[in-house]
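Descriptive analysis of the structure
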Protein chains: 4
Amino acid sequence: MFRAAVVGATGYTGFELLRLLASHGGVALGALTSETYAGKEAGEVFPALASVVRGKFQKFEPSLCEGMDLVFCCLPHRVAMTSVPDLLERGARVVDFSADFRLQDLSVYEAWYKTSHACPERVSQAVYGLPELHRERIRKARLVANPGCYPTGAIVALYPLLKSRLIRPSSIVIDAKSGVSGAGRKADLELQFCEVNERFRAYGVATHRHTPEIEQELSAAAGGPVRVSFTPHLVPMTRGILSTIYADAQPGATAGRARQALRDFYDGEPFIRFMPEGAFPDVSQVAGSNFLDIGLTLDERTGRYVLVTAIDNLVKGASGAAVQNMNLMLGLPETQGLAHPGFWM
Amino acid sequence: MFRAAVVGATGYTGFELLRLLASHGGVALGALTSETYAGKEAGEVFPALASVVRGKFQKFEPSLCEGMDLVFCCLPHRVAMTSVPDLLERGARVVDFSADFRLQDLSVYEAWYKTSHACPERVSQAVYGLPELHRERIRKARLVANPGCYPTGAIVALYPLLKSRLIRPSSIVIDAKSGVSGAGRKADLELQFCEVNERFRAYGVATHRHTPEIEQELSAAAGGPVRVSFTPHLVPMTRGILSTIYADAQPGATAGRARQALRDFYDGEPFIRFMPEGAFPDVSQVAGSNFLDIGLTLDERTGRYVLVTAIDNLVKGASGAAVQNMNLMLGLPETQGLAHPGFWM
Amino acid sequence: MFRAAVVGATGYTGFELLRLLASHGGVALGALTSETYAGKEAGEVFPALASVVRGKFQKFEPSLCEGMDLVFCCLPHRVAMTSVPDLLERGARVVDFSADFRLQDLSVYEAWYKTSHACPERVSQAVYGLPELHRERIRKARLVANPGCYPTGAIVALYPLLKSRLIRPSSIVIDAKSGVSGAGRKADLELQFCEVNERFRAYGVATHRHTPEIEQELSAAAGGPVRVSFTPHLVPMTRGILSTIYADAQPGATAGRARQALRDFYDGEPFIRFMPEGAFPDVSQVAGSNFLDIGLTLDERTGRYVLVTAIDNLVKGASGAAVQNMNLMLGLPETQGLAHPGFWM
Amino acid sequence: MFRAAVVGATGYTGFELLRLLASHGGVALGALTSETYAGKEAGEVFPALASVVRGKFQKFEPSLCEGMDLVFCCLPHRVAMTSVPDLLERGARVVDFSADFRLQDLSVYEAWYKTSHACPERVSQAVYGLPELHRERIRKARLVANPGCYPTGAIVALYPLLKSRLIRPSSIVIDAKSGVSGAGRKADLELQFCEVNERFRAYGVATHRHTPEIEQELSAAAGGPVRVSFTPHLVPMTRGILSTIYADAQPGATAGRARQALRDFYDGEPFIRFMPEGAFPDVSQVAGSNFLDIGLTLDERTGRYVLVTAIDNLVKGASGAAVQNMNLMLGLPETQGLAHPGFWM
């Protein structure tokens, strides 16, 4: 039995990790840390976990993670980069949930996150934790930068199409819609129930920080710089991200060729599912699960592909991906603890 | 006091008409028709209206509308075109909620609605009921084709930009998100609460019938055929449509010029509101009201405009627009019965 | 045209007041105060009100209310009792939204609110602002204590039954369910969307502060002390309170006699509506309106009455009641600005 | 590996069974039946199950269940009683989800279900499937009548208190609130999203058919006939039942004694959890799980106990209980496939 620690365990991604690990079977929970709830039992903070997950939250100090096989670091951006190096030095492998180790180009990081990087030397060692693209490197990595929730839904759809030269790189529009849990667990008037319920809005229009992350991976696919229009929206629901993606078809590109390019690229992938022709995914069918569902059409009238992907932002978009990465890093079966279907409703 | 009839009054747009007319002050309700609820009191079918709206629903026959100054016809597509001519012949002015008289090109109608038109001669007499574009013609019209809910949010944003040659006509993507009331009031498993709640999905991808309606008006603006990518989505909320619209800026076009083009075009319009720079509307701020709110930015990184509009699909997207059209047709103040703010939450 | 001020105008009840007053026609908005948003336009803080309600929020000082015909005081409990006296001394009539002037027995106030009262002499002058019980005293009052949202739904149902000796006073159970807006507008983790959505819970079990308010009015009806079991619950919706009320029938009491007692007592009341026999209200049919709907049955198997009432907690449960009180205090028609139906959905 | 069939597998309880059985590990799915979706793959009807649950739905005929170790019968009331006998005769053990075998007193069944019973001889052989009360009999049963969703939440709280003579049997009020999935999966205007969302209502007031089921079990506890007031309500959420239960304390009864009676009675039960003193459960903490959480207080002011229980109506209230019963009937560990925590949000 491996031992894992969760640092910053009382946010939504932390809860989701505890929930997934409770049924995993291959790892035991070592330390759980929380600044706000230090001293409390897991089941006291999250009554859903009562009598299932045992353990007390402690204030974070790196020494708690000594001897762990793996540490999930759920600290916020800018904080993570000051703590992760310490964890690595104590010998743990780390799956980091923040953006701090995702962007290989430090000037891009600093432009979008408005801060200089505290630990540039670790960035180049980090592997971007999308197993569908970087599985072999993840297996060997000591530090995995777990992808942002939005990038996963966008990159998986577009990567094979760019690589196959089926779409025009400058034409990409990603219109994404997320459940509210993506905003994190915090007291914030804008996230109050009455300020979200029966409401729908765009935010971070043309300025959201997941943009450079998407562009980094898509540029690799295209073999040259790709810039995308990315607009996130807030949906009055708890979980899920639906991404509606538009891109001009290159001359000669067809619906069938795009569908084939995706199927070929993701052949054998355990968590990528394709919708039947004419059908498109919805977020409820992946809720609670690690699946990413894809639908695709080519609008012949406009010559534009429309792709739709759905993930659970807390699972495939965060904690499920982290468990998948952990499985790879520890040599466990990749689907362990992640094989269940979603709860749908 | 004018007299108005509502034909097909027990759907959501019918209810909304009754609600708005109850506080209008300038028109009395004549006949109310309903096939399903014939014989019942308004307040029995809609307890919200009890003790406010009085009157019994009757089965529709055209003679009920005799002597009415105006008839709101809320019958479905294909049914409306067989009933509206009768109403017109009895001397009533008609605001028709269906799509049957919106598309001037009959071949387009027949291609999208998969039926031949029963009454082509009335189509050319009908005026597309968007007062911001066709106010003077609406004043004199005997038959107004009330716009579809999605087209209003898209056309209002794009018309001035196309007219001012600020955007590339072939680059338009309209990603729209609607509350569930837009699907109508009916027993349908797909609209069951549990099949919509905590769910988000696209539908009618590249095939939705509001597409040609949008294209008709935008083509007029552009002075040549415009084709758009239009994708509607279903949001787990009752009211509202948010449209996120993407279009490539023409060389030399700026955010400021686009903003100015919109302000100039809609100068003095009572129901068009502009968001401050950097702010974007959300549907809750127009809920229950006849306002259409617009926000705009130019993403300098991609050279693409992003516009966001919000309406209440049942008000500015249906029954409020119909009352606005009625006011124009009857010579009443255009804002009568529509001046109240939304209920926000 | 009368002039009214709203003190503490940027909570949910403040918004609702502004919304209702915007269509009232008999009062103009004088001062609007807000500590958080001082200096901002109403339409900036509440985009729903943009271009409808004009005026800037100012930091509260009593002198702002000088010359006002009426002041709505939406300050919190304990704060109100230190500000209201000042307002009264400047000559304004006051409708106070807090609990500070509702409880005539100061020891009861101090026991439930855990504080001594700063201004006991004003308490005895205050009138409990339930027009259905105290209309004539409200007309003449200088200070009206606007009722709590829960008490309105409970008292209106039970008062006539206790007065008519149809129910056993010691048997009353009030199981109430409220939309989230009742918790007020504030950043609070417990009210975060994800902490409320898809969730249902009781709170304040056997300890909620609206209990003594209900008991005060019901004791007057019964002519002796009444104690009730009152349990509020939080419903994942924005507006509305449904109260399900249980009370043992006295020997000889029937469904018909209870129904008649209610009808007699509320004969001519403009905002009390009775459901047909066998039907019970739901909150959506009163949403946005000042109506209170009542349904009733006698469960012959158990000898227990079951009554259900529905109100919009922000309208009849707060700001609508306040406008109704204002109308009475200023000699305006009681229903002015409140005659519209709810928005239902 | 045992083999199980699911008859009527495409309702919400059917889906939930498939979801739970997919991770169970001890039973394989034999036949799946559905009248509506016969011929379709499980993953086609429920995309959430795609690539996890394999198998086609078939039209029901009893022979499909031949050779099964256990059949879950999810047919509706009145239909089940004509099919279950056939299944039993073919040698299968049956967990029946309908009400047809729950009520031992046939005259009670016939009075509440307005039909004569087609198969009275099987009723007396059926065991009411609440393991916390009837575990040993369930182990040996060939036919288990799976409890209704509401009764579980009510009976578990009240049974030990009645048995210990801590409450007055005639004073029981059960005010229950359910998510919409409890109404089943069907096209019904009353269950349309817009007719449920932002709405809260009581239904079946004093007439709901779960009443006699609750009374049957509670009468056994009390050793004499118990009648209860039971009012169900519809909450705008998908899953969960919260029951708020009121009962007069007998002289000498205390909060501590009641808490102890519950703890003693449910000592060692794997799925019953007690809330800390002063805390009450909410439905989100049991969502997706088989737990039933209980909180309790004694309101000293009124001498009335208030108990609150929470379950997921689809799990502990239906399909989870059914799996628990199956485990007992097949000699598997009782918690197999049910040990995971809820998904909370």
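Calculation criteria
- Residues numbered from 1 in each chain as written.
- Chains lettered and ligands numbered in written order.
- Predicted model: local features only at pLDDT ≥ 70, side-chain atom pairs only at ≥ 80, totals over all residues.
- Helix = DSSP H or I, 4+ residues; strand = E, 2+ residues; numbered from the N terminus.
- Rg over C-alpha atoms; globule rule 2.2 N^0.38 Å.
- Buried ≥ 20, exposed ≤ 12 C-beta atoms within 10 Å, placed from the backbone.
- Contact = placed C-beta atoms within 7 Å.
- Nonpolar A, V, L, I, M, F, W, Y, C, P; charged D, E, K, R; others polar.
- Least-squares fit on C-alpha atoms with pLDDT ≥ 70 in both.
- Domains from an automatic or database assignment.
- pLDDT = per-residue confidence, 0-100.
- Expected span 1.5 Å × (residues − 1).
- Bend = angle between axes of the 7 residues up to and from the residue.
- Pairing = 2+ DSSP bridges.
- Axes fitted to C-alpha atoms, helices over the stretch in contact; angles between N-to-C directions.
- Arc of directions from axis to C-beta.

**So, the overall build of chain A**
- When its secondary structure is counted, chain A shows 11 helices and 14 strands.
- Expected size for 345 residues packed as a compact globule is a radius of gyration near 20 Å; at 20 Å, chain A falls within 12% of this value.
- C-alpha atoms of chain A, sized along the principal axes, occupy 60 × 45 × 40 Å.
- The proportion of buried residues among the 345 residues of chain A is 61%.
- Considering only residue pairs separated by 6 or more positions, chain A has 71% of its internal contacts joining residues 24 or more positions apart.

**Describing the interface of chain B and chain A**
- With 35 residues of chain B at the contact, the number on the chain A side is 35 residues.
- Among the residues making up the side of chain B that touches chain A, the classes are represented as 17 nonpolar, 8 polar and 10 charged.

**A word on the relation of the copies chain B and chain A**
- Aligned on chain A, chain B shows an RMSD of 0.0 Å; the corresponding rotation is 180° and the shift along the axis is 0.0 Å. Taken together, the rotation and translation describe the operation of a two-fold axis.
- A high fraction, 100%, of the interface residues of chain B reappear at the interface in chain A, so the copies pair face to face through one surface.

**So, the domain arrangement of chain A**
Residue and element names in this part refer to chain A.
- Split into domains, chain A comes out as domain 1 (2–125) and domain 2 (149–315).
- Relative to domain 2, the C-alpha centre of domain 1 lies at a distance of 26 Å.
- Across the boundary between the two partners, domain 1 contributes 11 residues, which contact 9 residues of domain 2.
- Elements with a contribution of two residues or more to the side of domain 1 that touches domain 2: α1 (12–22) and α4 (106–113).
- Its residues assigned to classes, the side of domain 1 that touches domain 2 shows 6 nonpolar, 3 polar and 2 charged.

**A few points about the relation of the copies chain B and chain D**
- Rotating chain B by 180° and translating it 0.0 Å along the rotation axis places it on chain D, where the RMSD comes to 0.0 Å.
- When you check the interface residues of chain B against chain D, 100% turn up at the interface there too, and the contact is symmetric in its surfaces.

**Focus: the confidence of the model for chain A**
- Within chain A, residue pLDDT values average 97, and 100% of them lie at 70 or more.
- Among the scores for the predicted complex, ipTM is 0.97 and pTM is 0.98.

**Some remarks on helix α7 (residues 149–163) of chain B**
Residues and elements named next belong to chain B.
- Across its 15 residues, α7 extends 22 Å between first and last C-alpha, which sits within 8% of the 21 Å expected from 1.5 Å per residue.
- Along its length, α7 shows its largest kink, about 35°, at I155.
- Counting buried positions along α7 gives 13 out of 15 residues, so the element sits mostly inside the fold.
- Looking one or two places after α7, you find R165, whose phi comes out positive at around 55°.

**A few points about the pairing of strand β8 (residues 173–178) of chain A**
Residue and element names in this part refer to chain A.
- Burial within β8 is extensive, with 6 of its 6 residues counted as buried.
- Burial of β8 is two-sided: the residues V173, D175 and K177 facing one way and the residues I174, A176 and S178 facing the other way are all buried.
- The pairing of β8 with strand β10 (residues 229–234) spans 6 bridges and is classified as parallel. Bridging from a neighbouring strand, K177 pairs with H233 of β10.
- Bridge count for β8 against strand β11 (residues 241–248) is 6 bridges, and the pairing is antiparallel. Looking at the pairing, D175 lines up with T244 of β11.

**Observations concerning the sheet that holds strand β14 (residues 304–311) of chain A**
Residue and element names in this part refer to chain A.
- With mixed pairing, 7 strands are arranged side by side in an open sheet as β9-β10-β8-β11-β14-β13-β12. Strand pairing shows two members of the sheet lacking a second neighbour, β9 (201–202) and β12 (272–274), which therefore form its edges.
- Packing of helix α10 (residues 255–265) onto the sheet brings it into contact with β12, β13 (292–299) and β14, and relative to β13 it is tilted by some 160°.

**Overview of the environment of B:L161**
All names here are of chain B.
- Tracing the backbone shows L161 in helix α7.
- By C-beta crowding, L161 is classed as buried, having 28 other C-beta atoms within 10 Å.
- Remark: the alpha-carbon pair of L161 and A249, spanning 88 residues in sequence, is separated by 9.5 Å.
- If we ignore the near neighbours within four places in the chain, the residues touching L161 are L166, I167, A247, A258 and A261.

**Some words on the sheet that holds strand β5 (residues 93–96) of chain C**
All names here are of chain C.
- Taking strand neighbours across the sheet as the criterion, the 7 strands line up as β3-β2-β1-β4-β5-β7-β6 in an open arrangement whose pairing is parallel. Among the strands making up the open sheet, the edge pair consists of β3 (57–58) and β6 (127–128).
- The pairing of strand β4 (residues 70–73) with β5 spans 4 bridges and is parallel. Within β5, the residue paired with L70 across the bridge is R93.
- Contacts from helix α1 (residues 12–22) reach β1 (2–7), β2 (27–33) and β4, with the element oriented near 160° to β1.

**Here's the deal with helix α3 (residues 80–89) of chain A**
Residue and element names in this part refer to chain A.
- Of all the residues in α3, the buried ones are A80, M81, S83, V84, L87 and L88. Looking down the long axis of α3, one finds its buried residues gathered within 160° of arc, a one-sided arrangement. Exposed and facing more than 90 degrees away from the buried side of α3 are T82 and E89.
- Buried positions along α3 lie against β4 (70–73), β5 (93–96), α5 (120–123) and β7 (143–145).
- G91 sits one or two positions beyond α3 and adopts a positive phi of about 100°.

**Examining the environment of A:D267**
- Along the chain, A:D267 falls in the loop between α10 and β12.
- C-alpha of A:D267 to C-alpha of A:R54: the two residues are 213 residues apart in sequence and 39 Å apart in space.

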